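Residues per chain are reported as follows:
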Amino acid sequence: MVENDQDIDEIFQRKIFTRPFLLIGEGSNMLFTKDFDGTVIKLATKGIEIINEDDEHVYVRAAGGEDWSDFVRFTIEHELYGAENLIGIPGLVGSCPVQNIGAYGSEVKDIIYQVEGYYLPDGEPFVLYNEECHFAYRDSIFKNELKNRCWITEVVFKLKKEKHFQLNYKQLADNLAPFGADLTLEKVAETVLNIRNSKLPDITKVGCAGSFFKNPVVSEAKFAELSAKFDQLVHYPAPNGIKLAAGQLIESCGWKDIRRGDVSVYPTQALVIVNWGNAKGSEVVAYYQDIIQSVQEKYGILIEPEVRIIA
Ligand code: EPU
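This write-up is about the structure you can find in this document. (Residues numbered from 1 in each chain as written. Predicted model: local features only at pLDDT ≥ 70, side-chain atom pairs only at ≥ 80, totals over all residues. Heavy atoms only, no water.)

**Remarks on the sheet that holds strand 16 (residues 269–275)**
The sheet built from three strands is open, its strands ordered 11-16-15 with antiparallel pairing. In the strand order of this sheet, the two ends are held by strand 11 (207–211) and strand 15 (263–266), each with one partner. Here the strands of the sheet are splayed against their neighbours by 30 degrees on average, with no regard to which way each runs. With three bridges joining them, strand 11 and strand 16 adopt antiparallel strand pairing. Paired with G207 across the two strands is N275, which belongs to strand 16. Here helix 7 (residues 281–299) sits on the sheet in contact with strand 15 and strand 16, set at roughly 55 degrees to strand 15. (Pairing = 2+ DSSP bridges. Helix = DSSP H or I, 4+ residues; strand = E, 2+ residues; numbered from the N terminus. Axes fitted to C-alpha atoms, helices over the stretch in contact; angles between N-to-C directions. Contact = heavy atoms within 4.5 Å.)

**A few points about the site of the ligand**
Around the ligand sit 24 residues, and of these Y104, Y137, Y169, E251 and A270 come closest. Between the ligand and the protein, one listed contact pairs an oxygen atom with a side-chain N or O atom of R138 at 2.8 Å. For the ligand, whose unbound accessible area comes to 810 Å², protein coverage reaches 80%. Of all the secondary-structure elements, those providing two or more residues to the shell around the ligand are strand 6 (102–103), strand 11, helix 6 (246–252) and strand 16. Considered class by class, the residues forming the shell around the ligand number 11 nonpolar, seven polar and six charged. (Near = heavy atom within 4 Å. Polar contact = N/O pair within 3.5 Å; in protein donor to acceptor, adjacent residues only side chain to side chain. Areas by Shrake-Rupley, 256 points an atom, 1.4 Å probe, with all protein chains shown as cover. Nonpolar A, V, L, I, M, F, W, Y, C, P; charged D, E, K, R; others polar.)

Structure, rendered in structure tokens:
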């Protein structure tokens with residue numbers, strides 16, 4: 001457990017990163033298939049402060065060990081716009097850039113100014129500005145070139161001062177329409193939490209890691225071929241093609257009716273795999289691999305896990 005700068009120094013002095021290590025936030029996006037044989041390092045540093053502002057923006061620095069939703073609440077209390085749709089996502093501030101967390105029409109890349117930390121194993125400090133993080137849908141440099149090569153310890157966010165809401169997720173827009181010009185950050189956050197709770201499990205009660213798979217992106221040609229064969233495929237434009245809803249594809253392969261021991265998909269969202277009690281990691285792995293195969297057979301699409309699998 002790393003609580004302050006002194007603990008960070010000590011980790012480098014003890015050369016922990018020259019042996020097997022695992023950096024975790026809340027562990028809320030990981031599937032362990034066995035005990036990890038090495039040092040598990042959990043960041044628990046605290047601190048959120050406004051560090052700068054200009055006419056339009058306020059810059060807020062948050063320690064990597066801060067709970068993500070506590071950070072979102074800080075922005076709401078200070079009437080800063082941009083983080084509110086992301087309330088309720090499990091995990092820590094330090095993890096949010098890694099997979100560019102997103103929900104209800106927002107992605108954290110839209111409010112990240114810079115990411116700070118240390119290169120591994122030697123502890124050279126780094127600062128990466130937004131553009132240098134190569135953010136994309138559930139992706140960043142931290143999952144690619146810098147995977148296991150850096151430790152994120154602080155994130156600086158750039159939030160809007162002027163009232164501005166992101167309402168392109170239909171259900172959110174519909175639920176908030178009655179408020180018109182009286183809409184507030186608090187109301188948006190409350191509505192987001194209600195939508196989340198209606199679809200996603202409470203991770204303090206049931207084991208899961210949120211969406212287990214990424215939504216796949218297919219070419220226009222592939223989409224045309226699929227929509228000739230299958231009615232009502234949910235789809236959205238994406239930078240490199242057409243994004244489909246993996247939850248819909250999985251549901252249509254019948255997985256909402258398949259429970260194996262303590263493993264199943266969640267009844268209101270087939271994109272989420274849950275462990276109802278004592279399932280082993282290996283059972284979850286067998287289950288998710290069969291989901292991939294059935295979607296591949298029916299649609300010819302290879303869906304990829306979004307969860308980090310610790311093998
Ligand atoms: N759908 C189904 N059946 C299902 C699930 C979904 O038909 O079992 C359909 C829905 O009816 C809807 C569409 O699929 O038309 C999309 O569903 P939803 O809006 O629930 O979102 P999603 O694409 O399944 C993504 C994120 C979630 C995020 C929501 C809301 C990914 C991998 N997941 O899910 O993020 O909360 O959008 O923005 O992009 C997470 O990453 O852990 C996560 C929960």
